[in-house]
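Breakdown of the fold
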Amino acid sequence: MKIGTFSFEEYIEKVISFHGSVAPGMIAGGFMVDLARTNLPPGEFFDVICEASHCLPDAVQILTPCTIGNGWLKIVPTGRFAVIFFEKHTGAGTRVFMDPEKLEKWSEIKSWFFRIIPKHQQDSALLVSQLQEAGNSIYSIEQVTVKERFITKIVKETPAIILCPSCGEAYPENFGVPCPACAGNGPCE
Ligand code: ZN
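Residue indices begin from 1 for each chain and proceed along its sequence in written order. At least 70 in pLDDT is required for a residue's local features to be given in this predicted model, at least 80 for side-chain atom pairs to be given and counted, and no such filter applies to totals for whole chains, interfaces and linings, which use all residues. Side-chain figures throughout are based on the complete set of non-hydrogen atoms in the structure, without hydrogens or water.

**Remarks on the domain arrangement of the protein**
Here the protein is partitioned into domain 1 (2-150) and domain 2 (158-189). The straight-line distance from the C-alpha centre of domain 1 to that of domain 2 is 35 Å. Domain delimitation follows an automatic or database domain assignment.

**Here's the deal with the packing of aromatic side chains**
The aromatic pairing rule takes the rings of Phe, Tyr and Trp, using the six-membered ring of Trp, and pairs them if the centres are within 6.5 Å, calling planes under 30 degrees apart stacked, those over 60 edge-to-face and the rest tilted. Under the definition given, this model contains 4 aromatic pairs. Where Phe-81 meets Phe-113, the ring centres are 6.4 Å apart and the plane angle is 75°; that geometry is what we call edge-to-face. You can see Phe-81 sitting in the loop between strand S4 (73-75) and strand S5 (82-87) and its partner Phe-113 sitting in helix H4 (residues 107-113), a full 32 residues away along the chain. Under the scheme applied here, a residue whose accessible area is under 20% of the maximum for its type counts as buried, over 50% as exposed, and between as partly exposed, the area being computed with a 1.4 Å probe on protein chains only. Take Phe-113: its relative accessible area is 24%, and that puts it in the partly exposed class. Aromatic rings pair up to connect Phe-81, Trp-112, Phe-113 and Phe-114 into one cluster. Numbering of helices and strands runs from the N terminus; a helix is a DSSP stretch of H or I covering at least four residues, while a strand is a stretch of E covering at least two.

**Here's the deal with the coordination of the zinc ion**
Metal donors were taken as nitrogen, oxygen and sulfur atoms no farther than 2.8 Å from the ion, or 3.2 Å where the ion is Na, K or Ca. Water is excluded, so coordination may look unfinished. Looking at the zinc ion, the protein donor atoms are Cys-164 (SG), Cys-167 (SG), Cys-179 (SG) and Cys-182 (SG), and they sit 2.3 to 2.4 Å from it. Seen from the zinc ion, its 4 donor atoms lie at angles of 106 to 113°, and the figure they make is tetrahedral. Motif for the zinc ion, donor spacing along one chain: C-x2-C-x11-C-x2-C. Of this pair, Cys-167 sits in the loop between strand S8 (161-163) and strand S9 (170-172) while Cys-182 is found in helix H6 (residues 181-185), placing the two residues 15 residues apart along the sequence. Relative accessible area serves as the criterion here: at 32%, Cys-182 is assigned to the partly exposed category. Under the classification used here, a metal with four donors is tetrahedral if each angle lies between 85 and 135 degrees, square planar if opposite donors are over 155 degrees apart and the others between 65 and 115, a six-donor metal meeting that same test is octahedral, and anything else is irregular.

**Remarks on the pattern of salt bridges**
Think of a salt bridge as a Lys or Arg side-chain nitrogen and an Asp or Glu carboxyl oxygen that are within 4 Å of each other. Taken as a whole, this structure holds 6 salt bridges when the rule is applied. Where Arg-95 meets Glu-142, a salt bridge forms, and the shortest distance between an N and an O atom there is 2.8 Å. Highlighted residues: Arg-95 in strand S6 (residues 92-98) and Glu-142 in strand S7 (residues 139-145), separated in sequence by 47 residues. Using a relative accessible area of 33% as the deciding quantity, one classes Glu-142 as partly exposed. One network of salt bridges, with partners in common, ties together Glu-51, Arg-80, Arg-95 and Glu-142.

**Thoughts on helix H2 (residues 24-38)**
Under the convention used throughout, the expected extent of a helix is 1.5 Å for every residue step, that is, one less than its residue count. Its 15 residues give H2 an end-to-end C-alpha distance of 22 Å, which sits within 8% of 21 Å, the value for a rise of 1.5 Å per residue. With 13 of 15 residues buried, H2 is to be regarded as a mostly interior element.

Below is the structure:
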């Protein structure tokens, strides 16, 4: 059994070094990324959307050249555990999601996914072994078309960089004046 070019054990090592721990979502994410990649529609260049902000984006970043930083991976948070690979010009894509209907025979996966038992009561060894044994069988695949607003557009005019009259820092002018932080939308107090 392989995840990307890695053996299952090698993938687990990658997960620990990149993500910090063997989160179950990272194992599921590995299978999902593989499934999406092997069921792609025709096309040459693919971008990725994750509908969950936890775990899945890190699985994509370990297994593909798509990262948040290079812009080929985006998070569109719907709360659903799903990943979409799509052709970056047409939006034609493959969506893979954890299928609740397929979890009946996997008690520990179901308990984890539906948060039926508290995290500290989970049998994490059993959960990992069930995720490994279940392999691709607990996910479903569908062909989708990504909405135009989520497809990367070629920016024809690059906005100018201006100085905020309030904080004096530089930012692109299309963010408005003053800068979003000085307008009250920054991350810091
Ligand atoms: Zn400012």
